[in-house]
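# Survey of secondary and tertiary structure
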Amino acid sequence: MQTSPAATRQATRPSGPADPDPVTPAPAPAPGPAPAPAKGRRFGLATATALVMGNIIGGGIFMIPAAVAPFGTVSLLAFVVLTVGAIALALVFGQLARRNPRTGGPYVYAREAFGDFAGFLSAWSYWITTWVSNAALAVAAVGYLDVLVPIGHNRVLEITAALAFQWLPALANLAGTRFVGAVQLVSTVLKFIPLLLVSVGGLFFFDPKNIGPFDGNGQGWMGGMTAAAAILLFSYLGVESAAMSAGQVRDPERNVGRASVLGTSGAAVVYLLGTLAVFGTVAHQRLVTSSAPFSDAMNAMFGGTWGGTVIAVAALISMTGALNGWTLLAAQAPYAAAEDGLFPAAFGKEKRGVPTFGVVVSVALASVLTIANFASGAKGAFDTLVLVTTFTAVVPYLLSTAAQLYWLVRGATDRVDGGHLVRDAVLGLGAFAFSLWLLAGAGYAAVYQGVLFLFAGILVYVWQAGRRRAQPEGAAH
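Residues numbered from 1 in each chain as written. Predicted model: local features only at pLDDT ≥ 70, side-chain atom pairs only at ≥ 80, totals over all residues. Heavy atoms only, no water.

## Considerations on the overall build of the protein
Heads up, the condition is: The way it works is that DSSP assigns letters per residue, a run of H or I at least four long becomes a helix, a run of E at least two long becomes a strand, and they are numbered from the N terminus. Using a 1.4 Å probe on the protein chains alone, a residue whose accessible area is under 20% of its type maximum counts as buried, one over 50% counts as exposed, and one in between counts as partly exposed. The criterion used for residue contact is that any of the two residues' heavy atoms lie within 4.5 Å. For every accessible area listed, the method is Shrake-Rupley and the probe measures 1.4 Å; residues are considered covered only by the protein chains on display.
Helices and strands together make up the secondary structure of the protein, namely 18 helices and zero strands. The buried share among the 477 residues of the protein stands at 58%. Restricting the contact set of the protein to residue pairs at least 6 apart, pairs at least 24 apart contribute 85%. Total accessible area on the protein is roughly 17,900 Å²; 70% of this is exposed by carbon and sulfur atoms.

Here you go:
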């Protein structure tokens, strides 16, 4: 979701009164022609697909095999089910983008269907997802840094390294979009090297003896699959990338849906092969406690430590690139809402093409969360943060699928293809049920923390809504 702030400015306000009731669904815009192509819209299908696939395959994949290993090989089944659900979500996003092909993704869809409050919750929750994800990525990066420079069991050094991984990309963002793009280009190319080496090469070194039990935690295959899927969702964050960037996609009514499905499917193949290869090359007992599973897999494949060192370097570059892109996204998510007066105005200000206030605040919050969660150990911190992002990511997914179902129930012919009503209803209900399933699998602790993060935003909304009410009609936000 590495889109420019200029593109994010295209996030639109829904038609209706100048100051709609915050809890009343906003009236639907009158039917009309699709928006004219935005200036700078330049992503074709191939580029949009690469955007989705590149954003999905960030740094989490380098920790995921170890994170799901305790659940056993049922996690591979969870991968398959999760992929089907992710593709259903991708199709829903494609349908929503076809009806409203503007930048903003879940925020735009929720606000248009249900009004300001729902739009705010979607933007707020998605913003939380971005900076909590950055905290999780930084924790994962520390595990691979330990392969190069042993810092394990020294909590001060681990926290310092995790903070450095967060603030260095932030400095690149603050320097301007040119530096963001340069870092992103290099890291995107290099991220596929370790994945291809392990995913393809590991299959030739596959040893069934390394595979752990099918039901690793003894809670039944359904319970284990649900719990594993909640962690694995972290790997699929980014399925909405094309919808978020619809303002820059050529022919978004067609290409957003196609890119979402193609990118999600391609990422799923890489993930499944990579996880399977690690499961078959690293002994289960070691994998469960590993902080650098891909490095361990390379060492098991070729012996010695040189392979693991190469993988660690490439993984760190990939994670730095992911942190670089998601840091910008963490600033862009509230930027669109600030343009509509739903976030504080400071989030809508930019310098050198970057919403600087959003960057600094997001990284600062991620830093606090990193320090707080390191008390449980690096791997424990990663698992906890991943599950929190599962909750916060599912909220905008639920609101988006609910928006699709809202238009279906309402029978808005300008928004729903009547000839495919049954198909769209089944798809929408399936995506909604899938999102609820993931929410259930996150566990009580993650839902508890996620709810606290989500509800804390209500005060921000109340403040913004009160200020807008107090302003004369037509005044700027």
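## Here's the deal with the pattern of salt bridges
For side chains bearing opposite charge, pairing can occur when the charged atoms are close. The condition that has to hold: Whenever a carboxyl oxygen of Asp or Glu lies within 4 Å of a side-chain nitrogen of Lys or Arg, that contact is scored as a salt bridge.
All told, the structure shown has five salt bridges when counted by the stated rule. Residue arginine 111 pairs with aspartate 116 through a salt bridge whose shortest N-O separation is 2.6 Å. What makes aspartate 116 buried here is its relative accessible area of 2%. Of the charged contacts in the structure, one is a salt bridge between aspartate 296 and arginine 286, with a shortest N-O distance of 3.0 Å. Taken together, the residues aspartate 296 in helix α13 (residues 293-302) and arginine 286 in helix α12 (residues 284-288) connect sequence positions 10 residues apart. What makes aspartate 296 buried here is its relative accessible area of 13%. Three or more residues are tied together by salt bridges with common partners; here these are Arg111, Asp116 and Asp340.

## Overview of the environment of valine 108
Within the fold, valine 108 resides in helix α5 (residues 106-114). A relative accessible area of 3% places valine 108 in the buried class. As a C-alpha pair, valine 108 and alanine 118 span 10 residues in sequence and 9.8 Å in three-dimensional space.

## Quick look at the environment of leucine 203
Along the chain, leucine 203 turns up in the loop between α8 (177-201) and α9 (221-236). According to the relative accessible area criterion, leucine 203 is partly exposed, its value standing at 39%. Separated by 74 residues in sequence, leucine 203 and alanine 277 place their C-alpha atoms 5.5 Å apart.

## Topic: helix α14 (residues 306-339)
Cut-off, in case you're wondering: An expected span of 1.5 Å times one less than the residue number is assigned to each helix.
Its 34 residues place the ends of α14 50 Å apart at the C-alpha level, agreeing with the 50 Å of an ideal helix rising 1.5 Å per residue. With 27 of its 34 residues buried, α14 lies for the most part within the structure. A positive backbone phi angle near 80° is found at glycine 341, which sits one or two residues after α14.

## Observations concerning the packing of aromatic side chains
Any two aromatic rings considered together are summarised by their centre-to-centre distance and by the angle between their planes. So the rule is basically this: Any Phe, Tyr or Trp ring, taking Trp's six-membered ring, that has another such ring centre within 6.5 Å forms a pair; planes under 30 degrees apart are called stacked, those over 60 apart edge-to-face, and the others tilted.
One pass over the full model with this rule turns up 18 aromatic pairs. Measuring from centroid to centroid gives 5.0 Å for phenylalanine 117 and tyrosine 461, while their planes differ by 65°, and the two rings are edge-to-face. With phenylalanine 117 in helix α6 (residues 116-148) and tyrosine 461 in helix α18 (residues 444-470), this pair connects stretches of sequence that are 344 residues apart. On the basis of an interplanar angle of 25° and a centroid distance of 5.7 Å, the ring pair of phenylalanine 120 and tryptophan 124 is categorised as stacked. Of this pair, phenylalanine 120 and tryptophan 124 both sit in helix α6, four residues apart, roughly one helical turn. For the pair phenylalanine 120 and tryptophan 124, a shared accessibility class is recorded, and that class is buried. Three or more aromatic residues joined by ring pairs make a cluster, and in this case those are Phe117, Phe120, Trp124, Trp127, Trp131, Phe343, Phe347, Phe357, Phe453 and Tyr461.

## Focus: a nonpolar patch on the surface
The following threshold applies: For patches, a residue must show more than 30% relative accessible area and have no salt bridge; joins then use 9 Å for like charges and 5 Å for nonpolar side chains, namely Val, Leu, Ile, Met, Phe, Trp and Tyr.
Taken together, the side chains of Leu196, Val200, Leu203, Phe204, Phe205, Phe206, Val269, Leu273, Phe302, Trp306 and Val310 make up a nonpolar region of the molecular surface, amounting to roughly 1,100 Å² of accessible area. Counting residues per element, the ones that place at least two in the nonpolar patch are α8, α11 (252-281) and α14. Positionally, valine 310 belongs in helix α14. With relative accessibility at 41%, the residue valine 310 sits in the partly exposed group.

## Things to note about the nonpolar core
As a reminder, the rule being used: The nonpolar core is taken to be a set of buried Ala, Val, Leu, Ile, Met, Phe, Trp, Tyr and Cys residues, with the residues joined through side-chain atoms within 4.5 Å.
Within the largest apolar cluster, 130 residues are counted, with the highest numbers of intra-cluster contacts made by Tyr144, Phe294 and Phe343. Sort the elements by how many residues they give to this core and α6 lands first, with 20 residues. Within the second largest apolar cluster, six residues are counted, among which are Ala170, Val354, Val359 and Val363.

## A word on the packing of α6 against helix α7 (residues 155-174)
In plain terms, the rule: Helix axes are fitted to C-alpha atoms over the stretch in contact, other axes to C-alpha atoms as well, and angles between N-to-C directions run from 0 to 180 degrees. When an angle is under 35 degrees it counts as roughly parallel; over 145 it counts as roughly antiparallel; between 65 and 115 it counts as roughly perpendicular; any other value is oblique. Two helices that cross are described as forming a left-handed crossing if the nearer one is turned anticlockwise from the farther one by less than a right angle, and a right-handed crossing if clockwise. Under this grouping Gly is polar, as are all residues other than the nonpolar Ala, Val, Leu, Ile, Met, Phe, Trp, Tyr, Cys and Pro and the charged Asp, Glu, Lys and Arg.
Contact geometry of α6 with α7 gives a least axis separation of 8 Å together with a crossing angle of 120°. By the angle class used here, α6 and α7 are oblique. Along this stretch, α6 crosses α7, giving a crossing that reads as right-handed. Contacts between α6 and α7 pair Asn134, Ala135, Ala138, Ala141, Val142 and Leu145 from the former with Glu158, Ala161, Ala162, Phe165 and Gln166 from the latter. Of the residues belonging to the contact of α6 with α7, the class tally is eight nonpolar, two polar and one charged.

## Digging into the packing of α7 against helix α15 (residues 356-373)
It is at 10 Å that the axes of α7 and α15 come closest, and there the two elements cross at 175°. With respect to each other, α7 and α15 are oriented roughly antiparallel. Of α15, the residues touching α7 (which contributes Ile159, Ala162, Leu163, Gln166, Trp167, Ala170, Asn173 and Leu174) are Thr356, Val359, Val360, Val363, Ala364, Ala366, Ser367, Thr370 and Ile371. Here the residues of the contact of α7 with α15 sort into 12 nonpolar, five polar and no charged.

## Focus: the side chain of serine 400
Mapped onto the elements of the fold, serine 400 is located in helix α16 (residues 378-410). A relative accessible area of 1% means that serine 400 is categorised as buried. Not counting residues up to four positions away in its chain, the partners in contact with serine 400 are Phe93, Leu96, Pro106 and Tyr109.

## Side note on α6
Look at α6: 48 Å from first C-alpha to last across 33 residues, which is about the 48 Å you get at 1.5 Å a residue. Burial of α6 is extensive: 29 of the 33 residues sit out of reach of the surface.

## Looking at the confidence of the model for the protein
In plain terms, the rule: As a per-residue measure, pLDDT tells how confident the predictor is, with possible values from 0 to 100.
Mean pLDDT over the protein: 76, with 79% of residues reaching 70 or higher. Of all secondary-structure elements in the protein, the lowest mean pLDDT belongs to helix α1 (residues 5-8), at 36, while α5 reaches the highest, 89. Confidence over residues 1-41 falls short of pLDDT 50; this stretch has 106 contacts with residues more than four positions distant or in other chains.

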